[in-house]
Amino acid sequence: MPLSFNQSVIDEFRANQGKVGGPFEGGDLLLLTTTGARSGAEHTTPLGYVRDGDLLLVVGSAGGSHRHPAWYHNLLAHPMVRVEIGTQTYGAIAVPAEGKRRDLLFERVVRAAPGYADYQAGTDRILPVVVLERSEPDTGAAGAEAGAESAARGPADLAEKLVEIHTWLRSQLGHVRREADAHFAARAAHQGPGAPPAPGLGLQLRQHCLAFCESLTFHHTSEDAHLFPALAGQYPHLSDVFARLADEHRTVARVQGGLSALLADVGTADPDRFRTELDRMTVELTAHLDYEEEKLLPLLAGIPYPPVPPKP
């Protein structure tokens, strides 16, 4: 079966450190890997991009089609994506811009790549502008010096890897809360004639919430399926600890379910209920992460990361 055009571009990109010929030669090109909204399978798409400071912008032009491209629907369902650019590969959160910000970013895109203006002129739909935010652990002021050093050189063992993941989860949850507070403050400040803005959490808040929930689910699933059984075999006297952690995972999953339900229709989500759920989740999750670190870090220290394959 002959290769599809996209696949031939992907293969050439990966074989030549991000450089391709043909219609994309000399242009800024990246590979975006999304998770299928329905299938759950990975899909990789070559896309042109425009830099905006430290951010990357991609446009759901679909060649001027009247329908959004499949990759756009995928990232709305699963905001955690993978970006390949040059020789780099990293995870990112895909956040479509809205309102005035979308318009300003689209103007930025058109200045760099005028062809997108032609695509917009040829369709009635508003072409989405998606911001790709690099999703790396952010130790920042909240991280210890050891965590910052680990982020710079990469985790040396499983203990440092666990701290890296937990630091990112805590920072992402804080990010969600700050966005929620800003959104609710803007609603409360509404004055003048007319009804206040309709309830809505916005795509930016929605995407970060979904990204957080996806990351937490993946982390807990990996622990339940691999880490905990391996440790339980080595430390049978800690069986009560692993049982408690597994039970807490189920509790956190139930809280996540409530938060996800609120996000199912952001246009009618109730802000007060959302805040209550987010506060409850923050308290329970923080207590869970603290307990997990207290019990697991001493066990994981010194276990190499990434794992060293056994010698034949």
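Because the structure is a prediction, the values reported are computed rather than measured.

Direction of pairing for strand E1 (residues 29-35) relative to strand E5 (residues 80-85): antiparallel, over a ladder of three bridges. Within E5, the position partnered with Thr33 by the bridge is Arg82. In terms of strand pairing, E5 meets strand E6 (residues 88-96) through six bridges, oriented antiparallel. By the bridge assignment, Met80 is partnered in E6 with Ile93.

Under the counting rule described, the total for this entry stands at four aromatic pairs. On the numbers, 5.9 Å between centres and 40° between planes, the contact of Phe228 with Phe242 is tilted. Of this pair, Phe228 sits in helix H7 (residues 202-234) while Phe242 sits in helix H8 (residues 239-263); the two residues are 14 residues apart in sequence, bridging distant segments of the chain. A residue is classified by how much of its surface remains accessible, and Phe242, at 6% relative accessible area, is buried. It is Arg102 that lies over the ring of Phe106; its NZ or CZ is 4.4 Å from the centre. In this structure, Arg244 packs its charged tip against the face of Tyr291, placed 3.6 Å from the ring centre.

A separate point is the packing of helix H2 (residues 70-77) against H7. Interhelical geometry of H2 versus H7 gives an angle of 70° and a closest axis separation of 9 Å. With respect to H7, the axis of H2 lies roughly perpendicular. Residues Tyr72, Leu75, Leu76 and Ala77 of H2 form the contact with H7, whose participating residues are Leu203, Arg206, Gln207, Leu210 and Glu214. Of the residues assigned to the contact of H2 with H7, the class counts are six nonpolar, one polar and two charged.

What the largest pocket holds in volume is close to 1,100 Å³. Lining the largest pocket are 34 residues; nearest its centre among them are Lys161, Ile165, Phe218, His219 and Ser222. Those elements giving two or more residues to the lining of the largest pocket turn out to be E1, E5, E6, helix H6 (158-188) and H7.

This paragraph deals with the pairing of E1. Note on strand geometry: in a regular strand, side chains alternate between the two faces of the sheet. Burial analysis of E1 places six of its seven residues in the buried class, which makes it a mostly covered element. Taken together, the seven bridges between E1 and strand E2 (residues 42-48) define a ladder with antiparallel strand orientation. From the neighbouring strand, Thr33 faces E2, where its bridge partner is Thr44. In sequence, E1 turns back onto E2 through a hairpin of six residues, with Gly40 there showing a positive phi of about 75°.

All right, on to the pattern of salt bridges then. Within the structure shown, the criterion is met by 15 salt bridges. Its salt-bridge partner being Arg82, residue Glu42 comes within 3.3 Å of it at the nearest N-O pair. Separated by 40 residues along the polypeptide, Glu42 in strand E2 and Arg82 in strand E5 bring together distant segments of the chain. The exposed category is assigned to Glu42, whose relative accessible area is 54%.

Let us now look at the side chain of Asn74. Structurally, Asn74 is set in helix H2. Given the relative accessible area of 9%, Asn74 is considered buried. A distance of 3.1 Å separates a polar atom in the side chain of Asn74 from a polar atom in the side chain of Thr34. Discounting residues that sit within four places of it in the chain, Asn74 has contacts with Thr34, Thr35, Gly36, Ala37 and His43.

Quick notes on the rules
Residues numbered from 1 in each chain as written. Predicted model: local features only at pLDDT ≥ 70, side-chain atom pairs only at ≥ 80, totals over all residues. Heavy atoms only, no water. Pairing = 2+ DSSP bridges. Helix = DSSP H or I, 4+ residues; strand = E, 2+ residues; numbered from the N terminus. Phe/Tyr/Trp six-rings, centres within 6.5 Å; stacked < 30°, edge-to-face > 60°. Buried < 20%, exposed > 50% of the residue type's maximum accessible area, 1.4 Å probe, protein only. Lys NZ or Arg CZ within 6 Å of the ring centre and 35° of its normal. Axes fitted to C-alpha atoms, helices over the stretch in contact; angles between N-to-C directions. Parallel < 35°, antiparallel > 145°, perpendicular 65-115°, else oblique. Contact = heavy atoms within 4.5 Å. Nonpolar A, V, L, I, M, F, W, Y, C, P; charged D, E, K, R; others polar. 1 Å grid on protein atoms, 1.4 Å probe; cavity = no way out; pocket = protein on both sides within 12 Å on 5 of 7 lines; lining within 4 Å. Points joined across faces, edges and corners; volume = space filled by probe spheres on them. Salt bridge = Lys/Arg side-chain N within 4 Å of Asp/Glu carboxyl O. Polar contact = N/O pair within 3.5 Å; in protein donor to acceptor, adjacent residues only side chain to side chain.

Without other data, these values stay purely geometric and don't point to any function.
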